[in-house]
Amino acid sequence: MKNVYVGAGLVGVSVALVVVGALWTPADPTALADRPHLPPSWRWPMGTDWFGRDVLSRVMVGGRVSWAVAAAAVATGGALGFGVGAMAGYLGGILGEVLARLGDFFLAFPASLMAVLLATVLGPGALGVALALALFTVPFFLRLSFAGVLALREQEFVVAARACGARGPRIVLRHILPNLASPLLVQLSVSLGAALLAEAGLAYLGLGVQPPHPSWGRMLREAQTYFGYSPWPAVFPGLVLGLTVLGLNLLGDGLRDLADPLTRKLSPGRP
Amino acid sequence: MVRLFVRRAAALVLTVFFLALAVFVLLTVIPGDAARLVVGPEASEEAYQAARAALGLDEPWPFRFAHWLAKALHGDFGDSWAFRGWAVRDLLAQALTVTVPLALWAAILAALMGLVVGVGAAVRPGGWLDLLLMGLAQGGAAIPEFWLGVLLVGALAVTLRLFPSGGFPGWESPKALVHLVLPGLALALPRGAYLARMVRGSMVDVLSMRFVETARAKGASEARVYVRHALRNALIPLVAAFGLVFARLLAGALVIENVFSLPGMGWYALRAMGGRDLPLLLGLAVVAGGLAVTVSTLADLGFVLLDPRIRYR
C-alpha cells in the first residue's frame, strides 16, 4: 500500500518539475554567466555548471524531452504490443505461436543497438530513439495481453458474450481489456521507467534530441568532462532520473499488490 | 526432451536468419539509396559510384542479401569502411574479447549480489533486514547504469586515482582486469538488485513448502534447512536468470562500453554509426544479436535440464 503513495509522490514531483519547467524556470537554462561550478545553495539549489548555467533550470527543461520521448514510445509500443498479443491470444493456433515468437525476437535485441541502427538510417534525432524504445516496449505488452487473453478467453462471461453474438474485437475491448486493466497499468509504469533510463543512456551517447536543447542524459555527458572541478552537475540530473524511475517502479509494485487476484500472476516483465 | 531441443534449435536458426534479414533490410534497403546515405549529399560522383559498386546496388536486394549471407556463413563480413584496412571479421573478433569477458564478469557479480542480498532478506521475511535489503534493491534497480559509471569514474578514477578511468590495454597487459572492474560494477548493480528480488521471492516460496517443514521436523538445524533444502531449490531460477542477464549483456553493454571507452561491440557500433560503416554495423548487429539469442536459448534449455518439473509441462 505504502509503495503506491511513495511512488506516486516521486512521479508527481518529477512530472511537476517538468510541467513547471515548460512555463517557468528559476533562471535562464541556456544563458551563460560568470559563476562556474557553484555548489548547491539556496540561490542555486543544484549548483551551477561549467558555463554558469543553473543546473535546476536545466534539469526542469531537460526532463521534458526525456518524458516526452519515453511516453510517446511506451504509448506506441504498448498499444502495438497489446493489439498484436490480444490478436495472437484470441486467434490462437500457428499464427499465435508465430506472433509470440516475434515478440521474443525483439526481446533479444537490445534497445540501444536498435537505436544505433535506426540512427544510422534516420539520423541522430529523437525519432529513431523513440522508434527503438517503442520496439523495445512491444514484447512486454505482447506477452501480457497474449497470456491474459489466453487465460480469459474460455471464462464463462466471455463465452456468454460470444453466445450473445459479440465478435472478436468487441470481446477483446469490452470484456477482456477491463479485466487486464490492472496488469496493464503496472506494466505501463514499469515500462515507462525502463524507457526513461534507456532514453537517457542514448542521449548520453549523443542520440536523440540534438543541442542546444538540454536533456538529462546529455547533461551528464557534459558534466562528466568537468567532474574534477565540480561533481554536482553530474550528480543531480542522474539523481532526478533515478528517483523518477524508482517512483515508477514503486508505483508498479504497489499497483500489482492492489491488483485483483485473477490477474495477480501476470507480473510485469522487467528488462 | 529430444524433441524440445530440436524444436528450440530450429527456432534459433530461424530467429538468427530473420535477425540478419531484418538488419540487412533496415540498413541497406529502407534508406532507398544506401550509397548516397553512406557518402553523404556533397560527395563527388566518383565516390558515389564507388560506394554503389561496393554495395552491389545494381542487383535486386534479395540477391544482395543472399550473397551477403553466403559470405557471412563463411565468416566473411567484408571490409570495414570506417576502420581502413581492417576486415569486419577481425574487428568483431577483437571486440568479442572485450565484450564477452565484461558481460560474464558483470553477470557473475550481479548473481553474487543477488544471492547474498536475496538470501539475507529471505531469512526473516518482513524483518528489519528484509526491509532494508529490499529497499536497497528497489533503489538499485532504478539507478541509471551510465550515471553510476560516470560517478564511479569521477570518484574512484579521477579524484582518488584508484582505478583507470577507461580504455583497455589489451589482454597481454597485466592490468587488463583492472580496467574491467568499474564497468563491471556499473553494469552489475542494477541487475544484481533485480536478481536479489527474484532470489528472495523464490527463497520465501520454497521456505513455505511442506518438505522444508519435514526437514525441520526431522531435526535438521536451521543452517542445514536453509542451505541444503531451501537454497538448492531457490537457486534454480537464479541459474536461469543468470543466463538471461549474461545473454542480454552481450548486446546490451553498449552505453557502458562507451562511458569507459572499452573497445567492445558497443564501442565499435557507435564508431560504425558515426562513420556510416554499413558492413561493420551489419556484422555487429547480427553477431551481437545472434549471440544473445543463442545464449538465452541455452539458458532456457539449461533451466529445463536443471528442473525436471518443467519437462512435463
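Residues numbered from 1 in each chain as written. Chains lettered and ligands numbered in written order. Predicted model: local features only at pLDDT ≥ 70, side-chain atom pairs only at ≥ 80, totals over all residues. Heavy atoms only, no water.

Draft legend 1. Highlighting the overall build of chain B. The helix and strand tally for chain B stands at 14 helices and 0 strands. Ordered by position from N to C terminus, the α and β elements of chain B give α-α-α-α-α-α-α-α-α-α-α-α-α-α. Across its three principal axes, chain B shows a C-alpha extent of roughly 85 × 55 × 35 Å. Restricting to contacts in chain B with at least 6 residues of sequence separation, those with at least 24 account for 70%. Accessible surface for chain B amounts to roughly 15100 Å². Of this, 66% is attributable to carbon and sulfur atoms. Of the side-chain charges in chain B, 27 are positive and 19 negative, and the distance between the mean point of each set is 14 Å. (Helix = DSSP H or I, 4+ residues; strand = E, 2+ residues; numbered from the N terminus. Contact = heavy atoms within 4.5 Å. Areas by Shrake-Rupley, 256 points an atom, 1.4 Å probe, with all protein chains shown as cover. Lys, Arg positive; Asp, Glu negative; His and termini not counted. Charge placed at Lys NZ, Arg CZ, Asp CG, Glu CD.)

Draft legend 2. Summary view of the overall build of chain A. The secondary structure content of chain A amounts to 10 helices and 0 strands. Secondary structure elements of chain A occur, N-terminal to C-terminal, as α-α-α-α-α-α-α-α-α-α. Across its three principal axes, chain A shows a C-alpha extent of roughly 75 × 45 × 30 Å. Residue burial in chain A is summarised as follows: out of 271 residues, 55% are buried. Long-range contacts, defined here as pairs at least 24 residues apart, represent 73% of the contacts in chain A between residues at least 6 apart. Carbon and sulfur atoms provide 69% of the accessible area of chain A, an area that totals close to 11600 Å². Charge-centre separation for chain A: the mean point of 19 positive side chains lies 5 Å from the mean point of 13 negative side chains. (Buried < 20%, exposed > 50% of the residue type's maximum accessible area, 1.4 Å probe, protein only.)

Draft legend 3. View of helix α1 (residues 2–29) of chain B. Look at α1(B): 39 Å from first C-alpha to last across 28 residues, which is about the 40 Å you get at 1.5 Å a residue. Within the sequence span of α1(B), burial applies to B:R8, B:L12, B:T15, B:L19, B:A20, B:V23, B:F24, B:L26, B:L27 and B:T28. (Expected span 1.5 Å × (residues − 1).)

Draft legend 4. Structural detail: the interface of chain A and chain B. In this assembly, 38 residues from chain A lie in contact with 41 residues from chain B. Summing both sides of the interface, chain A and chain B together bury roughly 3500 Å²; the carbon and sulfur share of this comes to 78%. Close ionic contact of A:D253 with B:R197 constitutes a salt bridge, the shortest N to O distance being 2.6 Å. Taken together, the connections running from chain A to chain B amount to 5 residue pairs in polar contact (both at pLDDT 80 or more). (Buried area = accessible area lost by both parts, 1.4 Å probe. Salt bridge = Lys/Arg side-chain N within 4 Å of Asp/Glu carboxyl O. Polar contact = N/O pair within 3.5 Å; in protein donor to acceptor, adjacent residues only side chain to side chain.)

Draft legend 5. Spotlight on a nonpolar patch on the surface. A cluster of nonpolar side chains, A:V15, A:V19, A:V20, A:L23 and A:W24, forms an exposed patch at the surface whose accessible area comes to about 510 Å². Here A:L23 shows up in helix α1 (residues 2–23). (Patch = residues over 30% accessible without salt bridge, like charges linked within 9 Å, V, L, I, M, F, W, Y side chains within 5 Å.)

Draft legend 6. Summary view of the confidence of the model for chain A. Per-residue pLDDT for chain A has a mean of 83; in total, 94% of the residues score no lower than 70. When pLDDT is averaged over each element of chain A, helix α8 (residues 181–204) of chain A comes out on top at 90 and helix α3 (residues 93–108) of chain A at the bottom at 73. (pLDDT = per-residue confidence, 0-100.)

Draft legend 7. Structural view of empty space enclosed by the protein. In total, this model carries 4 cavities of 30 Å³ or more according to the counting rule given. Of the volumes computed, that of the largest cavity is approximately 110 Å³. Surrounding the largest cavity, A:H37, A:D49, A:W50, A:F51, A:R53, A:V55, A:R58, A:M219, A:E222, A:A223, A:Y226 and A:P233 form its lining. When residues of the lining of the largest cavity are traced back to their parent elements, those giving at least two are α2 (55–91) and α9 (216–225) of chain A. Counting residues per element, the lining of the largest cavity draws most heavily on α9(A), at 3 residues. Here the lining of the largest cavity is composed, by residue class, of 7 nonpolar, 1 polar and 4 charged. In this structure, the second largest cavity occupies an estimated 80 Å³ of space. Lining the second largest cavity we find 13 residues, and of these B:L250, B:A251, B:M265, B:G266 and B:A288 sit closest to its centre. Of all elements in the fold, only α10 (222–252), α11 (254–259), α12 (265–274) and α13 (278–306) of chain B reach the threshold of two or more residues within the lining of the second largest cavity. (1 Å grid on protein atoms, 1.4 Å probe; cavity = no way out; pocket = protein on both sides within 12 Å on 5 of 7 lines; lining within 4 Å. Points joined across faces, edges and corners; volume = space filled by probe spheres on them. Nonpolar A, V, L, I, M, F, W, Y, C, P; charged D, E, K, R; others polar.)

Draft legend 8. Up close: the pattern of salt bridges. Residues and elements named next belong to chain A. Counting across every chain of the model gives 9 salt bridges over all chains. Ionic pairing is found between E154 and R153, a salt bridge with its closest N-O pair at 3.5 Å. On the basis of relative accessible area, E154 is assigned to the exposed category, the value being 54%. Bridged by salt links that share partners, the residues R53, R58, R218 and E222 form one connected network.

Draft legend 9. Layout of a positive patch on the surface. Residues B:K218, B:R224, B:R228 and B:R232 make up a contiguous surface patch of positive charge. For B:R228, a relative accessible area of 44% corresponds to the partly exposed category.

Draft legend 10. Quick look at the packing of aromatic side chains. Under the counting rule described, the total for this entry stands at 13 aromatic pairs over all chains. On the numbers, 5.5 Å between centres and 45 degrees between planes, the contact of A:Y204 with B:F146 is tilted. Linking A:Y204 in helix α8 with B:F146 in helix α7 (residues 145–159), this pair reaches from one chain into another. The same class applies to A:Y204 and to B:F146, which are both buried. Seen from the ring of A:Y204, A:R221 lies directly overhead, with NZ or CZ sitting 5.1 Å from the centre. (Phe/Tyr/Trp six-rings, centres within 6.5 Å; stacked < 30°, edge-to-face > 60°. Lys NZ or Arg CZ within 6 Å of the ring centre and 35° of its normal.)

Draft legend 11. Inspection of the packing of helix α10 (residues 232–258) of chain A against helix α6 (residues 128–142) of chain B at higher detail. It is the contact of α10(A) with α6(B), at a shortest axis distance of 8 Å, that shows an interaxial angle of 125 degrees. When the interaxial angle is binned, α10(A) and α6(B) end up oblique. Crossing angle aside, the handedness with which α10(A) passes α6(B) is right-handed. The segment α10(A) lies against α6(B), with A:G242, A:V245, A:L246, A:N249, A:L250 and A:D253 engaging B:Q138, B:G139, B:A141 and B:A142. (Axes fitted to C-alpha atoms, helices over the stretch in contact; angles between N-to-C directions. Parallel < 35°, antiparallel > 145°, perpendicular 65-115°, else oblique. Left-handed = near helix turned anticlockwise from the far one by under 90°.)

Draft legend 12. Just unusual backbone geometry, in detail. All names here are of chain B. In the Ramachandran plot, R161 falls in the positive-phi region, its phi being about 60 degrees despite a non-glycine side chain. Looking at the secondary structure, you find R161 in the loop between α7 and α8 (178–207). Assessed through its relative accessible area of 68%, R161 is described here as exposed. Of note in this structure, S261 is not a glycine but carries a positive phi near 50 degrees. Here S261 lies in the loop between α11 and α12.

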